[in-house]
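A closer look at the structure
Below, each chain spelled out in residue letters.
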Amino acid sequence: MSEKSSNRRRVAGSYFMSMMSIALVLFLMGVFALLMMHAHKLSNHLKENIGFEVVMNSNVKEENILKLKAELDAMPAVKSTEYITKEEAIHRLSEDLGEDFLQWLGNEENPLLPSIDVRFNAEWANNDSISVIQAQLMKNSAVKEIYYQKSLVGLINQNVRRIGIALMLASLVLLFISVTLIRNTIRLRIYSKRFLVRSMQLVGATASYIRSPFVRSGRLQGFFGALLADIFLALLLYGLNRRLPELAIVKDFTIIGVVFVGIIVLGIILGGLSTRFALRKYLHADVDRLYA
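Because the structure is a prediction, the values reported are computed rather than measured.

About the criteria used
Residues numbered from 1 in each chain as written. Predicted model: local features only at pLDDT ≥ 70, side-chain atom pairs only at ≥ 80, totals over all residues. Heavy atoms only, no water. Buried < 20%, exposed > 50% of the residue type's maximum accessible area, 1.4 Å probe, protein only. Helix = DSSP H or I, 4+ residues; strand = E, 2+ residues; numbered from the N terminus. Arc of directions from axis to C-beta. Patch = residues over 30% accessible without salt bridge, like charges linked within 9 Å, V, L, I, M, F, W, Y side chains within 5 Å. Areas by Shrake-Rupley, 256 points an atom, 1.4 Å probe, with all protein chains shown as cover. Salt bridge = Lys/Arg side-chain N within 4 Å of Asp/Glu carboxyl O. Pairing = 2+ DSSP bridges. Axes fitted to C-alpha atoms, helices over the stretch in contact; angles between N-to-C directions. Contact = heavy atoms within 4.5 Å. Lys, Arg positive; Asp, Glu negative; His and termini not counted. Charge placed at Lys NZ, Arg CZ, Asp CG, Glu CD. Phe/Tyr/Trp six-rings, centres within 6.5 Å; stacked < 30°, edge-to-face > 60°. pLDDT = per-residue confidence, 0-100. Polar contact = N/O pair within 3.5 Å; in protein donor to acceptor, adjacent residues only side chain to side chain. Core = buried A, V, L, I, M, F, W, Y, C linked by side-chain atoms within 4.5 Å.

1. A short note on helix α4 (residues 127-137)
Inspection of α4 places N127, S129, I130, I133 and L137 among the buried residues, and these make up the whole buried set. Mapping the buried residues of α4 onto a view down its axis gives an arc of 160°, with all of them on the same face.

2. Here we look at a nonpolar patch on the surface
On the surface, a cluster of nonpolar side chains totalling about 440 Å² of accessible area is made up of L220, F224, L227, I231 and L235. Within the fold, L220 resides in helix α7 (residues 207-243).

3. Here's the deal with the sheet that holds strand β4 (residues 143-147)
Taken together, the four strands give an open sheet; going across it, the order is β2-β3-β1-β4, and neighbouring strands pair in antiparallel fashion. The strands lining the two open edges of the sheet, one partner per strand, are β2 (78-84) and β4. Adjacent strand axes in the sheet meet at a mean angle of 20° when their direction is disregarded. Pairing of β2 with strand β3 (residues 115-120) involves six bridges; the strand directions are antiparallel. Its bridge partner being in β3, V78 is matched across the sheet by F120. Against the sheet, helix α2 (residues 62-73) contacts β1 (51-56), β2, β3 and β4, and its axis sits at roughly 165° relative to β2. Each of β1, β3 and β4 touches α4; the most contacted strand, β1, lies at about 10° to it.

4. Side note on the pattern of salt bridges
On inspection of all chains with the given rule, the structure shows two salt bridges. A salt bridge links K69 to D73; its shortest N-O distance comes to 3.3 Å. Remark: D73 and K69 occur in helix α2; sequence separation between them is four residues, near one turn of the helix. The exposure class assigned to D73 is partly exposed, which follows from its relative accessible area of 38%.

5. Overview of a positive patch on the surface
Residues R183, R216, R219, R276 and R280 make up a contiguous surface patch of positive charge. Sorting the residues of the positive patch by element identifies α7 and α8 (253-283) as the ones contributing at least two each. Note that R183 resides in helix α5 (residues 150-191). With a relative accessible area of 33%, R183 lands in the partly exposed category.

6. A look at the packing of aromatic side chains
Tallied over the entire structure, the rule returns three aromatic pairs. Aromatic side chains F27 and F232 sit 6.0 Å apart centroid to centroid with 90° between the ring planes, which places their arrangement in the edge-to-face category. One end of the pair, F27, is in helix α1 (residues 2-47); the other, F232, is in helix α7, with 205 residues separating them in the sequence. Given the relative accessible area of 18%, F27 is considered buried. The interplanar angle of 80° and the centroid separation of 5.1 Å between the aromatic rings of F52 and F120 together place this pair among those described as edge-to-face. With F52 in strand β1 and F120 in strand β3, the pair connects residues that are 68 residues apart, well separated along the chain. Just as F52 is buried, F120 falls in that class too.

7. Describing the confidence of the model for the chain
On average, residues of the chain score 76 in pLDDT, and 73% of them reach the 70 mark or higher. The least confident element of the chain, judged by mean pLDDT, is helix α6 (residues 194-202) at 64; the most confident is α2 at 89.

8. Quick word on the side chain of D117
By secondary structure assignment, the location of D117 is in strand β3. Given the relative accessible area of 17%, D117 is considered buried. A polar contact of 3.1 Å, which involves the side chain of D117, links it to the side chain of R119. Leaving out residues up to four positions away in the same chain, D117 has contacts with F52, S80, T81, E82 and I84.

9. What about the nonpolar core?
In terms of nonpolar packing, the biggest core is built from 24 residues, with F52, V54 and F120 touching the most fellow members. Elements represented by at least two residues in this core include exactly β1, α2, β2, β3, α4, β4 and α5. In contact with F120, not counting residues within four places along its chain, are K47, E48, I50, G51, F52, A77, V78, K79, A125, I130 and I133. If you look at the next biggest cluster of nonpolar residues, it comprises 15 residues, including F27, L34, L233 and F260.

Here is the structure:
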């Protein structure tokens, strides 16, 4: 009785350790998937804060400025625009300086000009697209000049491309390592039951009959491992949200939901396929190889 109980504990312990190994691998994959997807959203957020300032001539009527603003809003490249009056420009400058700028002017007229602050959609936030739009706007007689940091735009896009390539390569490496680890983990569990597989073959069981319970067990193991990985991810996100509330800028519950569901699906698929491939070795193995 004690021997049966001891064997049962060993089997349960082996199953638990295998499931935990799968959970930790899937957890790392989930962290990296969230990092990649939110990095993409963060890069779009940075790009969509790229824009330029359209400075108007001093004698332009407000209705003409609003008309130009409406034309800009209708462009597919433009995400948003903001009309900044001369008064608003003075107010913002005073806030930046920490003192009332008007007191230094005395009786002189406000020297600041009205402008339109333009922000672009992410796919248009590059120097080539901005230069085309700039050239079009400069043909308008109401526009005095257009200001934007060309070098900063190029630097942001260059760094976003580099980070994207690095993340893509790292994700492929991590995926390969993860699949290999899960396969090896399940292979070790199948190895411990190789003699059971041989016994079932000796009594005439077909390969599909032998494979069925093992594959089902592998899928369940993958499911519970993925469920644990999702729990670990949820705890990690909760902790990050408490410590770094600024991350709310790029947090996307749709992305998080896709990653969580994807981990469950991936766990089930990898659990079933890895078990199937690991079992195939012992279904066609010679007796001598069972002791290897």
